[in-house]
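Observations on chain architecture
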There are 2 protein chains.
Amino acid sequence: MPVFKAPVADTLFILNDVLGIERYNNLPGFADATPEMIDAIASEAAKLSEEVLFPVNYSGDQEGCVRADDGTVKTPKGFKQAYDAYCEGGWIGLAVPEEFGGQGLPYTLHAAVGEYTSAANMSLMMYPGLTQGAIAAILVHGNDEQKQTYLPKMVEGKWSGTMNLTEPHCGTDLGLLRTKAVPNGDGTYKISGQKIFISAGEHDMTDNIVHLVLARIEGAPAGTKGISLFIVPKYIVKEDGSLGERNKVVCGAIEHKMGIHGNATCVMNYDEATGYLIGAENKGLNAMFVMMNEARLGVGLQGLAISEIAYQNAVAYAKDRIQGRSLSGPKAPEKAADPIIVHPDIRRTLMTIKSFNEAGRAFMLWTALKSDIAHRSSDAKERQDADDLLGLATPILKGVLTDKGFDHAVMAQQVYGGHGYIEEWGMSQYVRDARIAMIYEGANGIQALDLVGRKLALNGGRAVMAAFKEIGDFCEENRSNEAMAPYTKALKKGLNDLQASTMWFMQNAMAKPDNAGAGSTDYMHLFGLVMLGYMWAKMAKSAQDLLAAGDERTDFLNAKLVTARFYMDKIMPETALRKVRIEAGSDTLMELAAEAF
Amino acid sequence: MPVFKAPVADTLFILNDVLGIERYNNLPGFADATPEMIDAIASEAAKLSEEVLFPVNYSGDQEGCVRADDGTVKTPKGFKQAYDAYCEGGWIGLAVPEEFGGQGLPYTLHAAVGEYTSAANMSLMMYPGLTQGAIAAILVHGNDEQKQTYLPKMVEGKWSGTMNLTEPHCGTDLGLLRTKAVPNGDGTYKISGQKIFISAGEHDMTDNIVHLVLARIEGAPAGTKGISLFIVPKYIVKEDGSLGERNKVVCGAIEHKMGIHGNATCVMNYDEATGYLIGAENKGLNAMFVMMNEARLGVGLQGLAISEIAYQNAVAYAKDRIQGRSLSGPKAPEKAADPIIVHPDIRRTLMTIKSFNEAGRAFMLWTALKSDIAHRSSDAKERQDADDLLGLATPILKGVLTDKGFDHAVMAQQVYGGHGYIEEWGMSQYVRDARIAMIYEGANGIQALDLVGRKLALNGGRAVMAAFKEIGDFCEENRSNEAMAPYTKALKKGLNDLQASTMWFMQNAMAKPDNAGAGSTDYMHLFGLVMLGYMWAKMAKSAQDLLAAGDERTDFLNAKLVTARFYMDKIMPETALRKVRIEAGSDTLMELAAEAF
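Numbers given for residues are sequential positions, taken from 1 along each chain in its written order. Whichever chain is written first is A, and whichever ligand is written first is 1; the rest continue in order. Where local features are concerned, this predicted model is filtered to residues with pLDDT of at least 70; where side-chain atom pairs are given and counted, the filter is 80 or more; whole-chain, interface and lining totals use all residues. Calculated side-chain values reflect all of the structure's heavy atoms, with hydrogen atoms and water omitted.

An unreviewed UniProt entry annotates chain A as 3-methylmercaptopropionyl-CoA dehydrogenase originating from Rhizobium rhizoryzae. UniProt positions are given in the numbering used here, feature names are shortened, and annotations may be inferred rather than shown by experiment. The Function (unreviewed entry) comment attached to chain A in UniProt states, word for word, "Involved in the assimilation of dimethylsulphoniopropionate (DMSP), an important compound in the fixation of carbon in marine phytoplankton, by mediating the conversion of 3-(methylthio)propanoyl-CoA (MMPA-CoA) to 3-(methylthio)acryloyl-CoA (MTA-CoA)."

1. Some details on the UniProt feature "domain: Acetyl-CoA dehydrogenase-like C-terminal" (unreviewed entry) in chain A
Those places that UniProt annotates as "domain: Acetyl-CoA dehydrogenase-like C-terminal" (unreviewed entry) correspond, in this numbering, to residues 468–592 of chain A. Each helix corresponds to a stretch of at least 4 residues labelled H or I by DSSP, and each strand to a stretch of at least 2 residues labelled E; elements are numbered beginning at the N terminus. Annotated as residues 468–592 of chain A, this span is 81% helix and 0% strand, and its ends, taken at the C-alpha atoms, are 37 Å apart.

2. Section: the interface of chain A and chain B
Contacts between the two partners involve 88 residues from chain A, matched on the other side by 88 residues from chain B. Buried surface at the junction of chain A and chain B, summed over both partners, amounts to about 7,800 Å²; 62% is from carbon and sulfur atoms. Contact with chain B buries area across many residues of chain A, yet A:Tyr421, A:Lys570 and A:Phe597 alone supply 12% of it, more than any other trio. We define a salt bridge as a contact between a side-chain nitrogen of Lys or Arg and a carboxyl oxygen of Asp or Glu at a distance within 4 Å. Where chain A touches chain B, the interface holds four salt bridges. Between A:Arg581 and B:Glu574 there is a salt bridge; the shortest N-O distance is 3.6 Å. Note on contacts: a residue pair qualifies if any of its non-hydrogen atoms lie within 4.5 Å across the two residues. In this description, buried area is defined as the sum, over both parts, of the accessible area (probe of 1.4 Å) that is lost when the two are combined.

3. Side note on the pairing of strand β3 (residues 159–164) of chain B
All names here are of chain B. By the criterion of burial, β3 is predominantly enclosed, with six of the six residues buried. Strand pairing requires that DSSP identify at least two bridges connecting the strands. Both β3 and strand β6 (residues 208–217) contribute to a ladder of six bridges, which runs parallel. The residue bridging glycine 161 from the neighbouring strand is valine 210, located in β6. Relative accessibility decides the category of a residue: with a 1.4 Å probe and only protein chains considered, values under 20% of the type maximum give buried, values over 50% give exposed, and everything between is partly exposed.

4. Observations regarding the packing of helix α9 (residues 344–376) of chain B against helix α16 (residues 554–571) of chain B
Any two packed helices are characterised by the angle at which their axes cross and by the distance between the axes. All names here are of chain B. Here an angle of 0 to 180 degrees is reported between the N-to-C directions of two axes, which are lines fitted to C-alpha atoms, with helices fitted over the stretch in contact. As a packed pair, α9 and α16 sit with axes 9 Å apart at the nearest point and diverge in direction by 105°. Here α9 lies roughly perpendicular to α16, going by the angle between them. For the pair α9 and α16, the contacting residues are Arg348, Met351, Thr352, Lys354, Ser355 and Glu358 in the first and Lys560, Val562, Thr563, Phe566, Tyr567 and Ile571 in the second. Each residue receives one of three labels: charged for Asp, Glu, Lys and Arg, nonpolar for Ala, Val, Leu, Ile, Met, Phe, Trp, Tyr, Cys and Pro, and polar for the others, Gly being one of them. In terms of residue class, the contact of α9 with α16 is made up of five nonpolar, three polar and four charged. When an angle is under 35 degrees it counts as roughly parallel; over 145 it counts as roughly antiparallel; between 65 and 115 it counts as roughly perpendicular; any other value is oblique.

5. With respect to the relation of the copies chain A and chain B
Overlaid copies result from least-squares superposition on C-alpha atoms, with residues included only where pLDDT is at least 70 in both. Superposing chain A onto chain B takes a rotation of 180° plus a shift of 0.0 Å along the axis, which leaves an RMSD of 0.0 Å. What the rotation and shift describe, once combined, is the action of a two-fold rotation axis. When each C-alpha of chain A is compared by its distance to the rotation axis, A:Leu577 comes out closest, at 3.4 Å. Here 100% of the contact residues of chain A are again contact residues in chain B; the copies associate through an equivalent surface.

6. Considering the packing of aromatic side chains
All names here are of chain A. Only Phe, Tyr and Trp rings are paired, with Trp represented by its six-membered ring, and only when their centres lie within 6.5 Å; those with planes under 30 degrees apart are stacked, over 60 edge-to-face, the remainder tilted. For the coordinates displayed, the defined rule picks out 27 aromatic pairs over all chains. Pairing tyrosine 189 with phenylalanine 230 gives two aromatic rings, centres 4.9 Å apart and planes at 65°, and the pair type is edge-to-face. Taken together, the residues tyrosine 189 in strand β5 (residues 188–199) and phenylalanine 230 in strand β7 (residues 228–233) connect sequence positions 41 residues apart. Classification of tyrosine 189 as buried rests on a relative accessible area of 8%.

7. Some thoughts on the pattern of salt bridges
Per the stated rule, a full pass over the model turns up 66 salt bridges over all chains. Across the pair A:Asp497 and A:Lys493 runs a salt bridge whose closest N-O atoms are separated by 2.8 Å. Placement of the pair is A:Asp497 and A:Lys493 together in helix α14 (residues 485–508), with a separation of four residues, close to one helical turn. Residue B:Lys234 is joined to B:Glu202 by a salt bridge in which the shortest nitrogen-to-oxygen separation is 2.7 Å. You can see B:Lys234 sitting in the loop between β7 (228–233) and β8 (235–237) and its partner B:Glu202 sitting in the loop between β5 (188–199) and β6, a full 32 residues away along the chain. When sorted by exposure, B:Lys234 lands in the same class as B:Glu202, which is buried. Taken together, the shared-partner salt bridges connect A:Asp522, A:Glu574, A:Arg578, A:Arg581, B:Asp522, B:Glu574, B:Arg578 and B:Arg581 into one network.

8. Remarks on a nonpolar patch on the surface
What goes into a patch is any residue over 30% in relative accessible area without a salt bridge, connected to like charges within 9 Å or, for nonpolar side chains (Val, Leu, Ile, Met, Phe, Trp, Tyr), within 5 Å. Residue-level accessible areas treat just the shown protein chains as cover; the underlying method is Shrake-Rupley with a 1.4 Å probe. Residues A:Met503, A:Met506 and A:Met510 make up a contiguous nonpolar surface patch of about 310 Å² in total accessible area. Looking at the secondary structure, you find A:Met503 in helix α14.

9. Notes on the nonpolar core
Within the largest apolar cluster, 416 residues are counted, with the highest numbers of intra-cluster contacts made by A:Tyr523, A:Phe527, B:Tyr523 and B:Phe527. If sequence neighbours within four positions are ignored, B:Tyr523 has contacts with B:Leu451, B:Val452, B:Leu456, B:Val464, B:Phe468, B:Leu498, B:Ser501, B:Thr502, B:Phe505 and B:Ile582. Joining through side-chain atoms within 4.5 Å is the link that ties buried Ala, Val, Leu, Ile, Met, Phe, Trp, Tyr and Cys residues into a set, and such a set is a nonpolar core.

10. Remarks on the environment of B:Val140
Looking at the element boundaries, B:Val140 is found in helix α6 (residues 122–141). When the C-alpha atoms of B:Val140 and B:Ile278 are compared, they prove to be 9.9 Å apart, with 138 residues separating the residues in sequence.

11. Quick notes on unusual backbone geometry
Despite not being glycine, A:Glu441 has its phi angle at roughly 55°, a positive value. We classify A:Glu441 as buried; its relative accessible area is 18%. Notably, B:Ile260 is not glycine yet its phi reads approximately 35°, a positive angle.

12. Let's talk about the domain arrangement of chain A
Residue and element names in this part refer to chain A. Split by domain assignment, chain A resolves into domain 1 (287–453) and domain 2 (461–590). Per the annotation, domain bounds derive from an automatic or database assignment of domains. Inter-centroid distance (C-alpha atoms) of domain 1 to domain 2 is 18 Å. The interface of domain 1 with domain 2 comprises 30 residues on the first partner and 29 residues on the second. Between domain 1 and domain 2 lies a buried interface of about 2,400 Å² when both sides are counted; carbon and sulfur atoms form 77% of it. It is Ser355, Trp366 and Val452 that lose the most area in domain 1 upon contact with domain 2, and together they represent 20% of the buried surface on that side. Where aspartate 388 meets arginine 462, a salt bridge forms, and the shortest distance between an N and an O atom there is 2.7 Å. Within 3.5 Å is the distance limit for a polar contact, defined as a pair of N or O atoms, with the added protein rule that one can donate a hydrogen and the other accept it, and that residues adjacent in sequence qualify only through two side-chain atoms. Viewed at the interface, domain 2 and domain 1 are joined by five residue pairs in polar contact (both at pLDDT 80 or more). Contributions of two or more residues to the side of domain 1 that touches domain 2 are made by α9 (344–376), α10 (380–415) and α12 (444–455). Sort the elements by how many residues they give to the side of domain 1 that touches domain 2 and α9 lands first, with 13 residues.

Structure follows, in structure tokens:
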């Protein structure tokens, strides 16, 4: 019953018209990213998402994954076929260097199509998603032999990957981790311990599973300084690249979760499993952060993706369901009632989500482009500038897009009335699936703390000042442009709130760190509001310019202008509230004794 | 693993100290409501909730209800025993007149203990909850024979009740309903049609089920003016009160829902079932509204109840889980990490929920007391004043307490990190259960519309002006009280925003009703913020007075003052945002064509 159509026209508008991706054709892999090529790739991904991935989304949720007594795991019907189609299209390696079997195209394009595939089937896309994270870590930290051994098979999708961080007593605070690694004397290690919440930990879709596992080498320092990263393949890979004996790692249980039932979230037991050190001893966290930062963008993208598909279904229902009459007189007098999309409160819901999705998509692609520049530019200054903004944007993107993505799935569900609560209509799944994105890859409170506690002051605040400058400059450049005034005025007001709050932290959180923690979540959302506002201002500018130049997408572009105004009028003012909350500080939070709760 | 402790001390503080329930001992049933009696009743309800209802809450969710091919329904293990214990305690009829087997105590007390029982087991409590709604409708609209036939058994809990409104094509817009009633010529009717989403529609806990069914008598006017209400018992009741033949109403399916799995939400098929008209022909909606208004308070109470139990569990987890160190230096240096309740962002979460729960409880009891006065006072003016405020408060209570109750269940779940997503920890159930309260008994958008479109202008705005006056007077009375300034200043600011927004509707929504619809949800929440702020100001005043008088509950009362300040500093400022959104009007909402979504 649910519907899905990948928002290709919107992606193309953002990439070509708003971000001007063609300007970057000097970067490796970008020369091929012409408007025609982008259109072709996005359309192909849309087709795959709509016709292959989406049809097994609801059934996958209902069926879930099943573990047999021997620890093997069966994925839902049709998942393997859909996964194979995804691999055959070469999607896993879209942005991976060609020498390892990838296509070497921009990561930005990978992110663009990643929205479609995650919207169509979030649970299924987590299997290759984890592989992509593992590929990124091996690419950066693996030695040549490791790269040659693992990457081509992973890019092909014949082998998948996982991330093993969490243990029952240790999630955010990895310094507490206990999984141990004992040297075998031949360069390999015996890995022993229990990991939990391991997405795609065990399944029946690939020949091998390449686990990346954080563990502590015997005698290593306590805390986070004694953690190393290991490759622990499900099947040991022989010298000729073929699969050898079964390693001593087994799925002990599948977690019984609220959502993403199609993904096998496993308890993984390592019992003297053979592991290979990746990167330097005791530097495991560095290597893991490579995966994690990319994974955080991927999770932010999931928030956006679910918001988009939930929105599309709410729109379809709001146009179809007739109930009551418009407050301003019947709109469908030939029917017994009007479609509920005539009601302002339904429109408030839809416009709220729409204005978020379109700006969220722009913000996601803007960030992905920074990642490409940071990794591919030949200009050191350009790389650094991009990396600064990428680092700053990552926690905002992850935290805001998943918090709001979930809220919007809930709002979209509300449009359905009672039917929204019934599983068959599909909205419950979106809500249940979206919920995890606020939690994993660093719960959103941790993203907020990363932003306020690390990213803000990093390099003397270089990144945040660059962001303020970019937004301020945009407002300044359009100062004399009357048509842009409704957008730049609201944006400037939001930026002022953000700058004032930043200043408040500078003045009040150094001596009293609790003030930073108390305002961190508000600050993350304040920053998100401004970034999305900036995206709307940029999109409005592009839309105005294109309309003036006679572009034929008039309805599309005019809708952008209306939606931008909605955002500025109704959403952007939230910056003032966030600022007030931040400035209220930590006193009333920290005053009560724990027993008073 | 989840925990629950009924907040008895808080209930007693509100009833005795803040609302001064003893002042109303001239009302029927109130003479017995001495502080000692209230304490005894609340404590007894707490015991039942904690020891009998709560232990089968999680298992009930996991097991769910099962329908057999013959249409019978099996409730989860232990539900029947827990239900029986609830009935034996006389809880169904706590506030029902003694002549029908009830105890005639205040409805306020019924609401107070209803929070405990709903928190402990929302699904299970819906069975007697629906009965209570049906009792209310029969009490007001039934004839003597109907009252004698049905009420004593329902009060005893031997028979249960249901509300049958919704049909597949018709929820909010009851004018569309098709279920028909054909006169048999002997005063009875043949009822035929399909009803959906019928809570407690069929189950194995009572000897009979008394369905209240909306249907259209053949030849009745179209729309809402042609709807009548019928009693359709599962088993026909014979003249001597014993049960006769099985009526032609059967459960066709159990809905597959996101939550409240322990409650049987049924598709009910009526196939020439025998029905008895209750109230006047074509006046069914009036009778149904009696049930619905009471049910809306009950649903608001569910929102509060789930927020409370979710909060208690988040607090327990936050005190127990160690992870990371306090920003201001280790707080539990003897442990490997500090309990996460030291982190300001966790405290932000907990204080946000706590400040809502305690004010929400006060608002709920304040409203319930208005209901008692409206129904029991001998003074017509007093009755009318109370009824005005009850009518005004009902949509706010339902909409705000369930929207926020759900948000808070989600926030509490977030405290658990990954464990929050795992069913065994119990937090997922609270989120899934709380979700329905935003939808049923009138989706919250409908509550907002009821508030703005009906309640605001009713009787020339008499109710809203009375509310403003009551709150304004409170601020005025405490004007020279320095210690109250932090509370009254913030409250006054919120009240100003509310009054300005009300004025904005007066000036802008008459000519353009879409402006009312566009701002309705914001207005409902704005009103809720002010009402909860008013409750906090009242509680702060009581706490200060009691402390000055040497009351021994010093920690308890001091925590009230801190929490009140938190609310005023961090939550109350949201009124300004709501006002801005309301004043932004409907233009950007209504501008796009439906195709542009």
